[in-house]
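Architecture at a glance
Listed below, chain by chain, are the residues.
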Amino acid sequence: MRNILTVDVEDWYHICDIEHILPHSSWDRCESRILTYVEKILTLFSRFNVKATFFILGYAAERTPDVVKMIHSEGHEIASHGYGHVQVYKQEKDEFLRDLLQSKDIIEGIIRSDRGRVIGYRAPEWSICKGKRDSFWALDLLAQNGFIYDSSIAPLHFIGIPNAPRTPYTLSTPYGEIREFPPLVMRSPLGNLPVGGGWGLRIFPYQSIRRTVDRLNRLGHPALIFCHPSDFDALPPKIALPWIKRFVCYGKIKTTEERMIRLLNDFKFASIQEVLVA
């Protein structure tokens, strides 16, 4: 069973809901650290001879195109993370479409190759939702504009859609079907827990995460793991974040590489594109 390995390619300052602390207008003045830590991730993946899907933020691609070229030259899949790192439910449909296509055009313009077509999307902060934060309409626009799969719906209570499937599934839209790839979650009495990446991968016991992956694999399903370049930055620039944001971004940050190495040792991984064509 091949599990799914993904990376959200964004810089250390691309944090949702901190516009009052670090407005988008200040991004161009922030130090870019993305190249260093994408190189670190690529070296790690090369060591294990594994390919991944890199969801690249359009702004990051535009500011540091060499990152896109480097990832592409290593044979990894390139997908879109939107352009401006704004949650989908905060955008109107026309704003979302503009953000989506701007990212796609920038990335494809950098790659310029037969295998450079962008067919996958991941929303910032898993922000395709239902209910009060309804943005499920985004799937129609993705399918309409040639996207084959999405990875934006987290089966979690505090973010995403809590009763969404925990394994890959197919959704129907007026423009055809689209495949959905949710992140790994672990069942608990408190509901699903986010163990597939970020703070959850760093905080929860590794053996519990490993058992969750094993359980899915025995049922014939891949587990989806994700990381960010900033997860590998043990000494990020100082920024006055609220405590919950500090915890999410930096809690046990030094364990990221160790956790990723253990997963790569214990399981087989592939990109989403490789899983789709298998």
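Whatever comes next refers back to the structure up there.
Residues numbered from 1 in each chain as written. Predicted model: local features only at pLDDT ≥ 70, side-chain atom pairs only at ≥ 80, totals over all residues. Heavy atoms only, no water.

Some words on the overall build of the protein
Each helix and strand counted, the protein has 10 helices and 9 strands in total. Over its C-alpha trace the protein gives a radius of gyration of 17 Å, about what one expects of a compact globule, namely 19 Å for 278 residues. Along the three orthogonal principal directions, the C-alpha set of the protein runs to about 45 × 45 × 40 Å. Among the 278 residues that make up the protein, the fraction classed as buried is 58%. Excluding contacts between residues fewer than 6 apart, the proportion of contacts in the protein whose partners are at least 24 apart in sequence is 76%. Of the roughly 12600 Å² of accessible surface on the protein, a fraction of 51% belongs to carbon and sulfur atoms. Measuring between centres, the 35 positive side-chain charges of the protein sit 8 Å from its 32 negative side-chain charges. (Helix = DSSP H or I, 4+ residues; strand = E, 2+ residues; numbered from the N terminus. Rg over C-alpha atoms; globule rule 2.2 N^0.38 Å. Buried < 20%, exposed > 50% of the residue type's maximum accessible area, 1.4 Å probe, protein only. Contact = heavy atoms within 4.5 Å. Areas by Shrake-Rupley, 256 points an atom, 1.4 Å probe, with all protein chains shown as cover. Lys, Arg positive; Asp, Glu negative; His and termini not counted. Charge placed at Lys NZ, Arg CZ, Asp CG, Glu CD.)

Observations concerning the pairing of strand 2 (residues 53–56)
Going residue by residue along strand 2, you find Thr53 and Phe55 tucked away on one face and Phe54 and Ile56 tucked away on the opposite face as well. Pairing of strand 1 (residues 2–9) with strand 2, which is carried by 4 bridges, proceeds in the parallel orientation. Residue Val7 lies in a different strand from strand 2, and its bridge partner there is Phe54. Traced from strand 1 through helix 1 (residues 34–47) to strand 2, the parallel crossover comes out right-handed. Judged from the 4 bridges that link them, strand 2 and strand 3 (residues 77–80) form a sheet pairing that is parallel. The partner of Ile56 across the bridge, within strand 3, is Ser80. (Pairing = 2+ DSSP bridges. Right-handed = clockwise from strand over helix to strand, strands pointing away.)

Re the state of the cysteines
All told, the structure shown has 0 disulfides when counted by the stated rule. No disulfide involves Cys16; its sulfur sits 9.5 Å from that of Cys249, the nearest cysteine. Counting only cysteine sulfurs, Cys249 is the nearest neighbor of Cys30, a cysteine outside any disulfide, at a range of 14 Å. (Disulfide = S-S within 2.5 Å.)

Here's the deal with the pairing of strand 6 (residues 169–173)
In regular strands, side chains alternate between the two faces of the sheet. What you see with strand 6 is a clean split: Tyr169, Leu171 and Thr173 sit on the buried side and Thr170 and Ser172 on the side with no burial. Note: strand 6 against strand 7 (residues 176–180), 5 bridges, orientation antiparallel. When the bridges of strand 7 are listed, Thr173 appears paired with Gly176. The turn joining strand 6 and strand 7, which pair antiparallel and follow one another in sequence, is formed by 2 residues.

Observations concerning the packing of aromatic side chains
For the structure shown, the criterion picks out 12 aromatic pairs. Taken together, a centroid distance of 5.3 Å and an interplanar angle of 90 degrees make the contact between Trp12 and Tyr13 edge-to-face. Here Trp12 falls in the buried class, since its relative accessible area comes to 12%. Measuring from centroid to centroid gives 5.1 Å for Trp27 and Tyr59, while their planes differ by 65 degrees, and the two rings are edge-to-face. On the criterion of sequence distance, the pair formed by Trp27 in the loop between strand 1 and helix 1 and Tyr59 in helix 2 (residues 58–63) is long-range, its members being 32 residues apart. In this structure Tyr59 comes out as buried when scored by relative accessible area, which is 9%. Taken together, Trp12, Tyr13, Trp27, Tyr59 and Tyr83 form an aromatic cluster joined through their ring pairs. Here Lys130 stacks its cationic end above the ring of Phe136, 4.5 Å away from the centre of that ring. (Phe/Tyr/Trp six-rings, centres within 6.5 Å; stacked < 30°, edge-to-face > 60°. Lys NZ or Arg CZ within 6 Å of the ring centre and 35° of its normal.)

Quick word on the side chain of His76
If you trace the backbone, His76 turns up in the loop between helix 3 (65–73) and strand 3. Note on His76: relative accessible area 3%, which makes it buried. Separated by 3.0 Å, the side chain of His76 and the backbone nitrogen of Ala52 make a polar contact. (Polar contact = N/O pair within 3.5 Å; in protein donor to acceptor, adjacent residues only side chain to side chain.)

Notes on the nonpolar core
Core analysis: the biggest nonpolar cluster contains 77 residues, and Phe45 and Phe54 have the highest contact counts within it. Counting residues per element, this core draws most heavily on helix 1, which supplies 7 residues. Apart from residues lying up to four places away in sequence, Phe54 is in contact with Val7, Val9, Ile41, Leu42, Phe45, Ile71, His76, Glu77, Ile78 and Ala79. Of all hydrophobic cores here, the second largest spans 8 residues; its members include Phe55, Ile119, Tyr149 and Phe181. (Core = buried A, V, L, I, M, F, W, Y, C linked by side-chain atoms within 4.5 Å.)

Details of the pattern of salt bridges
A full pass over the atoms with the stated rule returns 12 salt bridges. Across the pair Asp17 and Lys90 runs a salt bridge whose closest N-O atoms are separated by 2.3 Å. Residue Asp17 is located in the loop between strand 1 and helix 1, and its partner Lys90 is located in the loop between strand 3 and helix 4 (93–111); the two are separated by 73 residues in the primary sequence. Asp17 sits in the partly exposed class, given a relative accessible area of 30%. The exposure class assigned to Lys90 is partly exposed, which follows from its relative accessible area of 43%. Residues participating in the shared-partner salt-bridge network are Glu31, Arg33 and Asp233. (Salt bridge = Lys/Arg side-chain N within 4 Å of Asp/Glu carboxyl O.)

Shape descriptors only; they carry no functional weight alone.
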